[in-house]
Amino acid sequence: MEKLQDKFGREINYLRLSVTDRCNLRCTYCMPERGLKFAPKQTLLTYEELLDLADMLGGVGINKIRITGGEPFVRADLMGFLERLSAKPFLEKISITSNLTLIRPHLANLLKLGIKDINVSLDSLEKEKFHEITRRDEFEEVEQTLNEMIDRGFNLKINCVVMAGTNEDQVLALLQLAEKHPVSVRFLEEMPFNGSGEELGRTLDYKSILGIISENYEYTKLIDEPSSTSQNYHIEGFAGNFGVIPSFSRTFCGDCNRLRLSATGEVRTCLYGQNQLNLRDLLRGGSSEEEIQAALKEAVLKKPKDGFAAADENEKIYLSMTKLGG
Ligand code: SAM
Ligand code: SF4
């Protein structure tokens, strides 16, 4: 079977796979405090279904998977699933995005499975501000876990959503993590995917974020990996690096290699775009592997050129990131 390729010649080999839409935090940029309706259990893809779909996706060229959510570790027996997923020979890399509140008991097993690449959400190194942003009191657990993961040698990318009037003052504080440790600290623009249907109007663009840093440091540009969402930089004497992710300015769409699968089976070829098809419905409706792969190829052919074209098709329906496969 041919690999997934869109009409702009982009090869799609990277899946962001959401295993749940639930989370134990309530980050203001991601979810409303209350009122979000979570998917009933029977509508979630089961682990068996996810493993079958992984094979089908592997058959059309997916070789990297990032597990996300909601918070992936909220889902029962995630480690059992990861153990089976990591045995798939076509997967070159499995990585995880996590808020670090529930991952600590699993660190040794993750390393055993070869899962070392973890993206961490951390928007503040101040306990009160962390609480203000996440609406939960988990700072100490996250801080301890982060330190343990650094000590254990995980490859960490620490992601901070920078919001005007909320946590710009954390940019330099978080940057110090990269001064002391071999981690990458990345600053993201806020996107409107907060589940409230409204843009919160506090997005700080990547140039402003770089401006905060350049007032204090000189930095040099690094060569970014192909299809990277981040522009990466190094400051002399730092153990790690930093980056900015223009997630709202959408400067990185040109060589996008990503596909998203939500916990309920929805496929999105762009975060800003519409749901293109539902793999759970196809699977449960008895579609064959070939039929599912053909449906995926068709969806990928409709992948919009960039996040602006996708948003135009999508009529500004701003779901929570937890529903999109963050
Ligand atoms: N719960 C995990 C976590 O927070 O790392 C994984 C899921 S979370 C939806 C994935 C990523 O999306 C996090 O890095 C989070 O900061 C980011 N995110 C969520 N909502 C966002 C928004 N409105 N704008 C920018 N980034 C957002
Ligand atoms: Fe939960 Fe991650 Fe969303 Fe925060 S960003 S509410 S941790 S899913």
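Before reading on, note that the structure itself is shown above.
Residues numbered from 1 in each chain as written. Chains lettered and ligands numbered in written order. Predicted model: local features only at pLDDT ≥ 70, side-chain atom pairs only at ≥ 80, totals over all residues. Heavy atoms only, no water.

Axis separation between helix 1 (residues 47–59) and helix 2 (residues 78–86) bottoms out at 11 Å; the angle between their running directions is 25°. In terms of orientation, helix 1 and helix 2 fall into the roughly parallel class. Seen from above, helix 1 lies across helix 2 with right-handed handedness. Residues Tyr47, Glu48, Leu50, Leu51 and Ala54 of helix 1 pack against Leu78, Phe81, Arg84 and Leu85 of helix 2. (Axes fitted to C-alpha atoms, helices over the stretch in contact; angles between N-to-C directions. Helix = DSSP H or I, 4+ residues; strand = E, 2+ residues; numbered from the N terminus. Parallel < 35°, antiparallel > 145°, perpendicular 65-115°, else oblique. Left-handed = near helix turned anticlockwise from the far one by under 90°. Contact = heavy atoms within 4.5 Å.)

Counted according to the given criterion, the structure contains seven aromatic pairs. Relative to phenylalanine 81, the ring of tyrosine 47 lies with its centre 4.8 Å away and its plane at 10°, an arrangement referred to as stacked. In this pair, tyrosine 47 is assigned in helix 1 and phenylalanine 81 in helix 2, connecting sequence segments 34 residues apart. By relative accessible area, tyrosine 47 is classed as buried at 13%. Where tyrosine 219 meets phenylalanine 242, the ring centres are 5.3 Å apart and the plane angle is 85°; that geometry is what we call edge-to-face. (Phe/Tyr/Trp six-rings, centres within 6.5 Å; stacked < 30°, edge-to-face > 60°. Buried < 20%, exposed > 50% of the residue type's maximum accessible area, 1.4 Å probe, protein only.)

With that out of the way, let us pick up the pattern of salt bridges. Tallied over the entire structure, the rule returns 16 salt bridges. The residue lysine 323 makes a salt bridge to aspartate 21 at a minimum N-O spacing of 2.7 Å. One end of the pair, lysine 323, is in helix 11 (residues 321–324); the other, aspartate 21, is in the loop between strand 1 (14–18) and helix 1, and 302 residues separate them in sequence. Of the residues examined, lysine 323 reaches a relative accessible area of 21% and is grouped as partly exposed. (Salt bridge = Lys/Arg side-chain N within 4 Å of Asp/Glu carboxyl O.)

In this section: the environment of glycine 237. Within the element layout of this structure, glycine 237 appears in the loop between strand 8 (231–234) and strand 9 (241–245). Note on glycine 237: relative accessible area 68%, which makes it exposed. Put simply, glycine 237 and lysine 180 are 57 residues apart on the chain and 9.3 Å apart in space, counted from C-alpha to C-alpha.

Attention shifts here to a negative patch on the surface. Negative charge collects at one region of the surface, where Asp52, Glu289, Glu290 and Glu291 lie side by side. Broken down by element, the residue count for the negative patch peaks at three residues, all from helix 9 (residues 289–301). Looking at where glutamate 291 falls in the secondary structure, it is placed in helix 9. Assessed through its relative accessible area of 47%, glutamate 291 is described here as partly exposed. (Patch = residues over 30% accessible without salt bridge, like charges linked within 9 Å, V, L, I, M, F, W, Y side chains within 5 Å. Areas by Shrake-Rupley, 256 points an atom, 1.4 Å probe, with all protein chains shown as cover. Lys, Arg positive; Asp, Glu negative; His and termini not counted. Charge placed at Lys NZ, Arg CZ, Asp CG, Glu CD.)

In this section: the site of ligand 1. Looking at ligand 1, there are 18 residues lining it, with Tyr29, Gly70, Ser121, Met191 and Met321 nearest. Contact between ligand 1 and tyrosine 29: a nitrogen atom at 2.7 Å from a main-chain N or O atom of the residue. The backbone of glycine 70 places a nitrogen or oxygen atom 3.1 Å from a nitrogen atom of ligand 1. Here ligand 1 loses 95% of its free accessible area of 540 Å² to cover by the protein chains. Residue assignment for the shell around ligand 1 shows that the elements contributing at least two residues are strand 3 (93–98), strand 5 (155–162) and strand 6 (184–189). Tallied by class, the residues present in the shell around ligand 1 amount to seven nonpolar, eight polar and three charged. (Near = heavy atom within 4 Å. Polar contact = N/O pair within 3.5 Å; in protein donor to acceptor, adjacent residues only side chain to side chain. Nonpolar A, V, L, I, M, F, W, Y, C, P; charged D, E, K, R; others polar.)

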